[in-house]
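Structural characterization, general
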Amino acid sequence: MDKYEKKILAITGGVIMLFLFSLLYAKVSRRIDLPECTPYSKIYNEPKVVKLDKDLYQVFVVAQMWQFQPEEIYIQTGSTVDFYLTSKDVVHGFNIFEKNVNLMAVYGGINKMTVRFDEPGTYHIVCHEYCGIGHHNMEASIVVNSKGAK
Ligand code: CUA
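Described below are features of the structure shown in this document. (Residues numbered from 1 in each chain as written. Predicted model: local features only at pLDDT ≥ 70, side-chain atom pairs only at ≥ 80, totals over all residues. Heavy atoms only, no water.)

**Looking at the side chain of serine 141**
- Structurally, the position occupied by serine 141 is in strand 11 (residues 139–145).
- Once you skip the residues sitting within four places of it in the chain, serine 141 turns out to touch Glu71, Glu72, Ile73, Thr122, Tyr123 and Ile125. (Helix = DSSP H or I, 4+ residues; strand = E, 2+ residues; numbered from the N terminus. Contact = heavy atoms within 4.5 Å.)

Spelled out as structure tokens, the structure:
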């Protein structure tokens, strides 16, 4: 084996180890959850907020030109929320601005992410994938308060 090939293999191995370490660091030290893909089912096409327990929610978000449904989501402070995201048409983005959540809404696919809301306030959801002429108007919000309601 040529000495340059060995060098390139060593550098490639080092870069792969760096990526693996970064993932491990994000998961363990920064507690950043990685998005999951869920098998497709029609039940995810119905936008809704389901309260499973006093601090546990499931939110089914449907993106379509140019809105998210539900448009306002009410969550009790200190809750954990499983977001299930799909699209009715083109690819949309799903970014919870204050939470470092970044998902893609894809027709025929479900992306899931779990998020914990410890601080009360309003969290903004924006579409960050260009999806047509109304893209800049595509937003929604999550209101976190002690009642979990308006
Ligand atoms: Cu939806 Cu941009």
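Past the structure itself, the notes keep going.
**Overview of the packing of aromatic side chains**
- Counting across every chain of the model gives eight aromatic pairs.
- Their ring planes at 20° and their centres at 6.5 Å tell us that phenylalanine 21 and tyrosine 25 sit as a pair that is stacked. Here tyrosine 25 and phenylalanine 21 lie together in helix 1 (residues 3–28), a separation of four residues that amounts to about one turn.
- Judged by relative accessible area, phenylalanine 21 falls into the exposed class, the value being 53%. (Phe/Tyr/Trp six-rings, centres within 6.5 Å; stacked < 30°, edge-to-face > 60°. Buried < 20%, exposed > 50% of the residue type's maximum accessible area, 1.4 Å probe, protein only.)

**Some points on the environment of tyrosine 130**
- With respect to the element layout, tyrosine 130 can be found in the loop between strand 10 (121–126) and strand 11.
- Residue tyrosine 130 is classed as exposed on the basis of its relative accessible area of 65%.
- As a C-alpha pair, tyrosine 130 and valine 81 span 49 residues in sequence and 26 Å in three-dimensional space.

**A look at the pairing of strand 9 (residues 110–117)**
- Judged by how many residues are buried, strand 9 sits mostly within the fold: six of eight residues are covered.
- Of the pairings in the sheet, the one linking strand 1 (residues 36–38) to strand 9 comprises three bridges and is antiparallel in character. Directly across from threonine 38, in strand 9, lies its bridge partner isoleucine 110. (Pairing = 2+ DSSP bridges.)

**Things to note about the nonpolar core**
- Within the largest apolar cluster, 26 residues are counted, with the highest numbers of intra-cluster contacts made by Phe68, Ile75, Phe83, Phe94, Ile96, Phe117 and Ile142.
- Where this core is concerned, the elements lending two or more residues are strand 3 (56–64), strand 5 (72–76), strand 6 (79–87), strand 7 (92–96), strand 8 (101–105), strand 9, strand 10 and strand 11.
- Among the elements that take part in this core, strand 3 stands out by supplying four residues, more than any other.
- With sequence-adjacent residues up to four places away left out, phenylalanine 94 is seen in contact with Val61, Phe68, Phe83, Leu85, Val101, Asn102, Leu103, Ile125, Val126 and His128. (Core = buried A, V, L, I, M, F, W, Y, C linked by side-chain atoms within 4.5 Å.)

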